[in-house]
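The lines below spell out each chain.
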Amino acid sequence: MATSVAWQPQEQGFNEICRLLEQQISPSSTADKSQIWQQLQQYSQFPDFNNYLAFILARAEGKSVEIRQAAGLLLKNNLRTAYKSMSPSNQQYIKSELLPCLGAADRHIRSTVGTIVSVVVQLGGIAGWLELLQALVTCLDSNDINHMEGAMDALSKICEDIPQVLDSDVPGLAERPINIFLPRLLQFFQSPHTSLRKLSLGSVNQFIMLMPSALFVSMDQYLQGLFLLSNDPSAEVRKLVCAAFNLLIEVRPSFLEPHLRNLFEYMLQVNKDTDDDVALEACEFWHSYFEAQLPHENLKEFLPRLVPVLLSNMIYADDDESLVEAEEDESLPDRDQDLKPRFHSSRLHGSENPEDDDDDIVNVWNLRKCSAAALDVLSNVFGDEILPTLMPVIQAKLSASGDEAWKDREAAVLALGAIAEGCIKGLYPHLSEIVAFLIPLLDDKFPLIRSISCWTLSRFSKFIVQDIGHQNGREQFEKVLMGLLKRILDTNKRVQEAACSAFATLEEEAAEELAPRLEIILQHLMMAFGKYQRRNLRIVYDAIGTLADAVGFELNQKYVANNYLDDMQPVYLDILMPPLIAKWQLLPNSDKDLFPLLECFTSIAQALGAGFTQFAQPVFQRCINIIQTQQLAKVDSVAAGAQYDKEFVVCCLDLLSGLAEGLGSGIESLVAQSNLRDMLLQCCMDDASDVRQSAFALLGDLARVCPVHLQARLSDFLDIAAKQLNTPKLKETVSVANNACWAIGELAVKARQEISPIVMTVVLCLVPILKHSEELNKSLIENSAITLGRLAWVCPELVSPHMEHFMQPWCIALSMIRDDTEKEDAFRGLCAMVKANPSGALSSLVFMCRAIASWHEIRSEELHNEVCQVLHGYKQMLRNGAWDQCMSALEPPVKDKLSKYQV
């Protein structure tokens, strides 16, 4: 019987691979790196290539550590794709070479081996490599630091990547691996070696979320270990201690409740740690504590010590990158890496538009930001109770004079912004003094004080606008408005960004109050538009779009020139549109800087309404051209002359929706002369959900204003829309379903009987949605209820025979919808169905009465009378006390509301 011969490398192959690896990693090598990479990829086709890599990593003692490490990293990457298809003998060879290296003399080799070991366990499982467990235990139990550290490194990577495999039953093992390793990990908390304390603590922390029974029963020992390590000389260990407490308070707060006082004391202490990363992890604790729903009272007595620590940590660190950025003058062009990635939110029709996170004026999370956020949380939890501690510190910092104290003053202004919402009750009597204090800071010599003053004023903007009603309040509002406009034209980029963002917030709050100052606002915004670099230009677009949303039709305002009434000039549009159109014409169709401009035009088109007509044709046509180019680029980027980017399609679809909403039936001639219908059909079938989402929004908008141009493909549109409601992935694509559902309802109202072939298909999709309303978002439930009502209105003879199957959940959904014309349509459907099949609603009469009572007022007299008829019909139908019995089941406010229908 032949015995299998152990694999041995050929010297020529060994030398060739080492040569390639050396050239690959050598900074001085003149060889073409991409050619070397291709050569290595070709060698990967040989079945034993990975054996060579394992041999070089484990045994090539004569080669440099760098070459051996490079072989290991290439082996790791290869195994990710090839391990499962490798022959068992090659798998076994690689595993057998790795185990002795766990204790290699060189730390880099040990670390690389640990990474590969974790990958092999991910792919082959523990059961496929029981020798590994024995090797790890042997190394951990040895007194050799290389062996202990190597095994601990490999184990920590397994705990990080796939902790669940260690808490599973393994054939051939008497107990789960975690039971074997946890006592050893806890023992290492007391090791004299920093690396072992760090790796063991990090490993145990990975199991807090899983909470295996081994950790559950060892919790006291674990907590003792954490308190033992709490003042460890290593910052990395202290950071892991804080991370453990943060996870425990989140996942298992009950374990920490007996120790809360000690824990608060500890976190207060580490919040002042000399290492910023440790202090940051400690600061996260306050957020975690409040999210854990533990009693707020526990923390109250610590506030006088906690608040000053947070405020102290809000002062800029000397190495904060914002200090460098703050020196950037507006004349310095933005680099591509300065431009943050931007994400366009596809159009959503319904009650849940996504909110912008506008509070953070720069993106890097650090101790300063975390402390400000913690102060914000404290102010929302404790409200004015923190003011007696906080205000004296803020006042002291604000009154600190001299250039060297500017960071203290800046932190105090940040703190005022952080507590603006939570402490408004206590601050409100002093609001005019606070605002009067902040306005001069907009002109401070330090740019970061100017920028934070913009942000803090924006945090108070809601309350500043509330006070416009009296003289002093209006004057203050004017000063804030003009102060921010002045800062929008600052020469410092950071201040420009903060001022523009703050002004957008003020616009949202002030809305039509801005109308009297529109001219001066537009002049400032368009001056900024002319001087800003690319990054801040995006924020100007946002401010212009927000302004259009805020003042709406006011932008069309005209004035009389030369006293001739027939010579009316659109004053605001003359300021606003020429620079935007010039930029629009300057940017090519493939330039991503078009995105914010398209969004800006969307808001302007909706605001101007028919006033946008003069600009509509070129804007409409360009959107069509861009979508066409992108649809071609998807299949042939060379022919299209552009790389496919779905965001162009989404932005253009949304702008077309804005045009349809703004121009109304005025868009009809543009649609008639284009191939929009067929292009839109293609977008409704796109594989990207955000493209479909915007496409169905446009479909609904076009159904409202020019349904005749959808007629030829009506059944196709309805079929595709219905499919969005009947998908196993409904929760993942809920926004697509929402818009498709709304579009079906809009088409139904306009096409009437023509939609009859698909009515029951759609109804069968809508009923399960209404029956599982608690699992889906509010907007989809509302649109489903409205669309079901609209289908019932146009085809009651088809829908009414099935009404008893859905009346109850449908009426519950209808009662949640605010008064509007869409709700009126749904109730027309309700009345039509009841007329066609009165007995179908009998078992749900109480729910129907509640739905009717949900109206504040039915404005349509015709619908009001129909609802009266329905109620009176049931009152006559239900004799012998049955109607009174139904009424007695209703709540008193519902009965009161029904009285207006004379029942």
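Residues numbered from 1 in each chain as written. Predicted model: local features only at pLDDT ≥ 70, side-chain atom pairs only at ≥ 80, totals over all residues. Heavy atoms only, no water.

Draft legend 1. Structural view of the overall build of the protein chain. Secondary structure summary: the protein chain contains 50 helices and two strands in total. The C-alpha extent of the protein chain, read off along each of the three principal axes, is 95 × 80 × 70 Å. Put simply, the protein chain has 903 residues, and 56% of those count as buried. Once the 77 positive and 117 negative side-chain charges of the protein chain are each reduced to a mean point, those two points are 2 Å apart. (Helix = DSSP H or I, 4+ residues; strand = E, 2+ residues; numbered from the N terminus. Buried < 20%, exposed > 50% of the residue type's maximum accessible area, 1.4 Å probe, protein only. Lys, Arg positive; Asp, Glu negative; His and termini not counted. Charge placed at Lys NZ, Arg CZ, Asp CG, Glu CD.)

Draft legend 2. Summary view of the packing of helix α14 (residues 235-251) against helix α17 (residues 276-291). Closest axis-to-axis distance for the α14/α17 pair is 9 Å, and the angle between their directions is 10°. Our classification of the angle between α14 and α17 gives roughly parallel. Contacts between α14 and α17 involve A235, R238, K239, C242, A243, N246, I249 and E250 on the former and, on the latter, D277, V278, E281, A282, E284, F285, S288 and Y289. Considering only residue class, the contact of α14 with α17 consists of eight nonpolar, two polar and six charged. (Axes fitted to C-alpha atoms, helices over the stretch in contact; angles between N-to-C directions. Parallel < 35°, antiparallel > 145°, perpendicular 65-115°, else oblique. Contact = heavy atoms within 4.5 Å. Nonpolar A, V, L, I, M, F, W, Y, C, P; charged D, E, K, R; others polar.)

Draft legend 3. Focus on the pattern of salt bridges. This model, assessed by the stated rule, comprises 46 salt bridges. For D490, the salt bridge goes to R487, with nearest N and O atoms at 2.7 Å. Like R487, D490 is buried. E824 is the salt-bridge partner of R828, the closest N and O atoms lying 3.6 Å from each other. Of this pair, R828 and E824 are both found in helix α46 (residues 821-836), four residues apart, which corresponds to roughly one turn of the helix. (Salt bridge = Lys/Arg side-chain N within 4 Å of Asp/Glu carboxyl O.)

Draft legend 4. Structural detail: unusual backbone geometry. The phi dihedral of A511 is positive, around 45°, even though this residue is not glycine. The residue A511 is located in the loop between α29 (493-510) and α30 (518-531) in this model. If you check the backbone angles, R752 has positive phi at about 50° while not being a glycine. With respect to the element layout, R752 can be found in the loop between α41 (734-751) and α42 (756-771).

Draft legend 5. The side chain of S694, seen in detail. With respect to the helices and strands, the residue S694 is situated in helix α39 (residues 689-705). Side chain to side chain, S694 and D654 meet in a polar contact 2.8 Å long. (Polar contact = N/O pair within 3.5 Å; in protein donor to acceptor, adjacent residues only side chain to side chain.)

Draft legend 6. Representation of the nonpolar core. Membership of the largest hydrophobic core comes to 336 residues, with the highest contact counts inside it found for Y222, L580, I604, F612 and M848. If one sorts the elements of this core by residue count, helix α36 (residues 646-663) sits on top with 11 residues. In this structure, M848 is in contact with M807, C811, L830, V834, A841, V870 and Y874, ignoring residues within four places of it in sequence. (Core = buried A, V, L, I, M, F, W, Y, C linked by side-chain atoms within 4.5 Å.)

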